[in-house]
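# Working through the structure, step by step
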Amino acid sequence: MSRKTPSDTALLYRSLEEQASRHPVRTIRLTGKGAAPLGLLLIDDTVPEPEVASLLAGLRFPDQPRATLLGDGAETLPDLGRLRRQLAMELAQVRQTRLPCALLLITLSGGAGLAGQAAALAPCLHPGDLLSGFQKTGLALIMPGASVGKARKRAEEIRTLLRTTASGKGTSLALGIAVCHAYETIPPDHFLALAEAELARAVKMGNDAICQSAAARSEDSCQVTVEERAQLWMQPRKSSRAAGMAA
Amino acid sequence: MTAKTKRSPKIICISSGKGGVGKTSFSVNVAEALSQKGKSVLLIDGDLGLANVDVVLGLNVRHTIRETIEEGRELASSLVEINPGFHVLPASSGVPEMANLSYEEQAFLTSSLEEIIDRFDYVLIDTAAGIGDSVLWFNTWSQENIVILTPDPTSLTDAYALIKVLHSRHDRKRFHLLINSVQSKKEGQDVFANMRMVLERFLKITPLALGTMPHDKSVSMAIRQQKPFLLGAPDSKASLEIVAVAERIINL
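Please read these numbers as outputs of a predicted model, since none were measured by experiment.

## Looking at the overall build of chain A
Across its full length, chain A holds 7 helices and 7 strands. Counting from the amino terminus, helix and strand elements in chain A follow one another as α-β-β-α-α-β-α-β-β-α-β-α-β-α. Classification of the 247 residues of chain A by burial places 46% in the buried group.

And the structure:
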């Protein structure tokens, strides 16, 4: 939304992705080295996976398959380094597009391995998501455009799905969410730390808890304080006439 | 539309925090003053749910921003020419949904606006009162932020609250203050000095003085006649000051 970038392709892509999510199509971002996508692919949901892979290979975007195409082995999950880089890009997008971004951290102990968890999550992934490995035993899911409410709802869907697929004795699940809003400036590491804190809280609570970062939004940070009011009203003033320039 | 060549317009948001302090009257008249100085101006009614620019100008508009949001109608078709250098983009009145646009609708409106603004030198946005989403969004979309306040404590507090939100949450640092409805030049200067002191002490930002507008009967007369006071009473104190303010805006 900044006037420094009048032609905001990222914003356009977000809007297209949002619209596409309501249709039976798969949306794949084609990103280059920069933060902005180079293009957007819309592929009919009925196209088989191998054909999609072949198509992408033909386009020479080998590292492009994002969350919606993941799940065929732990080795395809982006590592923590890529997660950090992607977080930096998404947080830059938050400031530019004014759309929020959520980060969901998941740990599932006693169930399937990382690859199995990633594969199990596939039905819950949305276009534009990025799924990554996190600290060897967990998963991190970046959800661009997700507000606190949306992120919470999606976390609940994921919890239901993982409970179903990883049912059995000794399995325990914990989910931690952090959300960055447009009015905040959060460095990627801090954003990750917020989500980690929520995950730790969820682990401590047990019972497959979902915890979300309330600290990310300090509602009272802009409250006009008593001291500020006192200073503003320091000198008694004549009341201006309402008729002035009121419109 | 006379000017079709692409320009890089200066986008200026006009807000106040409190309602009824003269935002719309100021916006309309400063747009008129800029157009009289040969500038091409677009005035956007940013009060999307309770529009007033059309009322102040006595316009009977057929299409508004609402049709663009809801029906995908081209924004350019809603433009109203006041004079060759002054166009208005009207909004709807009495439509609560328009006052609470979703992120997606805001994004769509932004891209629609960016298609039409490059034919103007100045884009002025007369926002709603308060600190709602649309007010904050228009303010962050703009390059310059004008905050209008009167000497009333309620206006001072609300203007300060608006600046605090824009600064704390949206990293805005440059605010131009216009003190309206003052009884004397000195009263305006005192109000500005006090506000500057509070902003510097608590928010560590120094506001810029855009001017002081005197309380002037010709203003209320012009509003009732539904035309800019700059046209109805060009020699009034308010008109002389608005011309000076327009000059300062050109020099921003």
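Picking up where we left off.
## Observations concerning helix 1 (residues 23-36) of chain B
Residues and elements named next belong to chain B. Across its 14 residues, helix 1 extends 20 Å between first and last C-alpha, which sits within 8% of the 20 Å expected from 1.5 Å per residue. Taken across its 14 residues, helix 1 has 13 buried, putting it largely inside the fold. Positive backbone phi, at 85°, marks Gly38, one or two positions downstream of helix 1.

## Remarks on the sheet that holds strand 7 (residues 210-212) of chain A
Residues and elements named next belong to chain A. Spatially, the 5 strands line up as an open sheet ordered 4-5-3-6-7, and their pairing is mixed. On the outer flanks of this sheet lie strand 4 (130-134) and strand 7, each paired with one strand and no other. Averaged over all neighbouring strand pairs, the angle between strand axes comes to 20°, with direction disregarded. As paired strands, strand 6 (residues 172-180) and strand 7 are joined by 3 bridges and run parallel to one another.

## Quick look at the pairing of strand 1 (residues 10-15) of chain B
Residues and elements named next belong to chain B. Among the 6 residues that make up strand 1, 5 are buried, leaving the element largely enclosed by the rest of the structure. Across 5 bridges, the pairing between strand 1 and strand 5 (residues 122-127) is parallel. Across the sheet, the residue bridging to Ile12 is Leu124, located in strand 5. Looking at chain direction, strand 1 and strand 6 (residues 144-149) are connected through 4 bridges and run parallel. By the bridge assignment, Ile12 is partnered in strand 6 with Glu144.

## Some thoughts on the packing of helix 6 (residues 133-141) of chain B against helix 7 (residues 153-170) of chain B
All names here are of chain B. Two elements in contact, helix 6 and helix 7, have axes whose closest approach is 11 Å; the angle formed by their N-to-C orientations is 65°. Crossing geometry of helix 6 relative to helix 7 is assigned as right-handed. Residues Val135, Leu136, Asn139 and Thr140 of helix 6 touch helix 7, and the partners they reach there are Leu162, Val165, Leu166 and His170. Among the residues making up the contact of helix 6 with helix 7, the classes are represented as 5 nonpolar, 3 polar and no charged.

## Examining unusual backbone geometry
Excluding glycine, residues mostly have negative phi values, and the peptide bonds linking residues are mostly trans. Residues and elements named next belong to chain A. We note that Asn207 has phi near 55°; this positive angle belongs to a residue other than glycine. Of note, Asn207 is situated in the loop between helix 6 (188-205) and strand 7. Judged by its relative accessible area of 71%, Asn207 is exposed. Despite not being glycine, Asp208 has its phi angle at roughly 55°, a positive value. Looking at the secondary structure, you find Asp208 in the loop between helix 6 and strand 7.

## Concerning the packing of helix 1 of chain B against helix 11 (residues 237-250) of chain B
All names here are of chain B. At a minimum axis distance of 9 Å, the contact between helix 1 and helix 11 shows a crossing angle of 70°. Relative to helix 11, the element helix 1 lies roughly perpendicular. Residues Phe26, Asn29, Val30, Ala33 and Leu34 of helix 1 form the contact with helix 11, whose participating residues are Ile242, Val243, Val245, Ala246, Ile249 and Ile250. The class makeup of the residues in the contact of helix 1 with helix 11 is 10 nonpolar, 1 polar and no charged.

## Observations regarding the state of the cysteines
All names here are of chain A. Summed over the entire model, instances satisfying the criterion amount to 0 disulfides over all chains. In this structure Cys101 is not part of a disulfide, and its nearest cysteine sulfur, from Cys180, lies 7.2 Å away. Residue Cys101 is classed as buried on the basis of its relative accessible area, which comes to 1%.

## Overview of the sheet that holds strand 1 of chain B
Two orientations exist for strands paired in a sheet by backbone hydrogen bonds: parallel and antiparallel. Residues and elements named next belong to chain B. A sheet is described by the order of its strands in space; here 8 strands give the open sequence 3-4-2-5-1-6-7-8, paired in mixed fashion. Lying at the two open borders of the sheet, with one neighbouring strand each, are strand 3 (80-83) and strand 8 (208-214). Taken pair by pair, the neighbouring strands of this sheet meet at an average axis angle of 20°, ignoring direction. The pairing of strand 2 (residues 41-46) with strand 5 spans 6 bridges and is classified as parallel. Counterpart to Val41 in the pairing with strand 5 is Tyr122. Across the sheet, helix 1 touches strand 1, strand 2, strand 3, strand 4 (86-89), strand 5, strand 6, strand 7 (175-182) and strand 8, and the angle it forms with strand 5 is around 170°. Packing of helix 8 (residues 185-203) onto the sheet brings it into contact with strand 6, strand 7 and strand 8, and relative to strand 7 it is tilted by some 145°.

## Considerations on the nonpolar core
Nonpolar side chains tend toward joint burial in soluble globular proteins. By size, the foremost hydrophobic cluster in this structure holds 32 residues, and its most contacted members are B:Phe26, B:Val30, B:Leu124, B:Ile146, B:Ile242 and B:Ile249. With 6 residues, helix 1 of chain B is the single largest residue contributor to this core.

## A few points about the pairing of strand 2 of chain B
Residues and elements named next belong to chain B. In terms of residue burial, strand 2 counts as a mostly covered element, since 6 of its 6 residues are buried. Here strand 2 shows no split at all, with Val41, Leu43 and Asp45 on one side and Leu42, Ile44 and Gly46 on the other all buried. Bridging between strand 2 and strand 4 involves 4 bridges; their strand directions are parallel. By the bridge assignment, Leu42 is partnered in strand 4 with His87.

## Things to note about the confidence of the model for chain A
Regions with low pLDDT carry predicted coordinates that are not meant to be interpreted in detail. Residue and element names in this part refer to chain A. Overall, the prediction assigns chain A a mean pLDDT of 72, with 63% of residues at 70 or greater. Least confident of the elements in chain A is helix 2 (residues 49-59), whose mean pLDDT is 62; most confident is helix 6, at 90. With pLDDT under 50 throughout, residues 61-75 is counted as low confidence; its partners more than four residues away or in other chains account for 40 contacts. Predicted confidence is poor over residues 236-247, with pLDDT under 50, and the contacts of this stretch with residues over four places away or in other chains come to 44 contacts.

Cut-offs applied
Residues numbered from 1 in each chain as written. Chains lettered and ligands numbered in written order. Predicted model: local features only at pLDDT ≥ 70, side-chain atom pairs only at ≥ 80, totals over all residues. Heavy atoms only, no water. Helix = DSSP H or I, 4+ residues; strand = E, 2+ residues; numbered from the N terminus. Buried < 20%, exposed > 50% of the residue type's maximum accessible area, 1.4 Å probe, protein only. Expected span 1.5 Å × (residues − 1). Pairing = 2+ DSSP bridges. Axes fitted to C-alpha atoms, helices over the stretch in contact; angles between N-to-C directions. Left-handed = near helix turned anticlockwise from the far one by under 90°. Contact = heavy atoms within 4.5 Å. Nonpolar A, V, L, I, M, F, W, Y, C, P; charged D, E, K, R; others polar. Parallel < 35°, antiparallel > 145°, perpendicular 65-115°, else oblique. Disulfide = S-S within 2.5 Å. Core = buried A, V, L, I, M, F, W, Y, C linked by side-chain atoms within 4.5 Å. pLDDT = per-residue confidence, 0-100.

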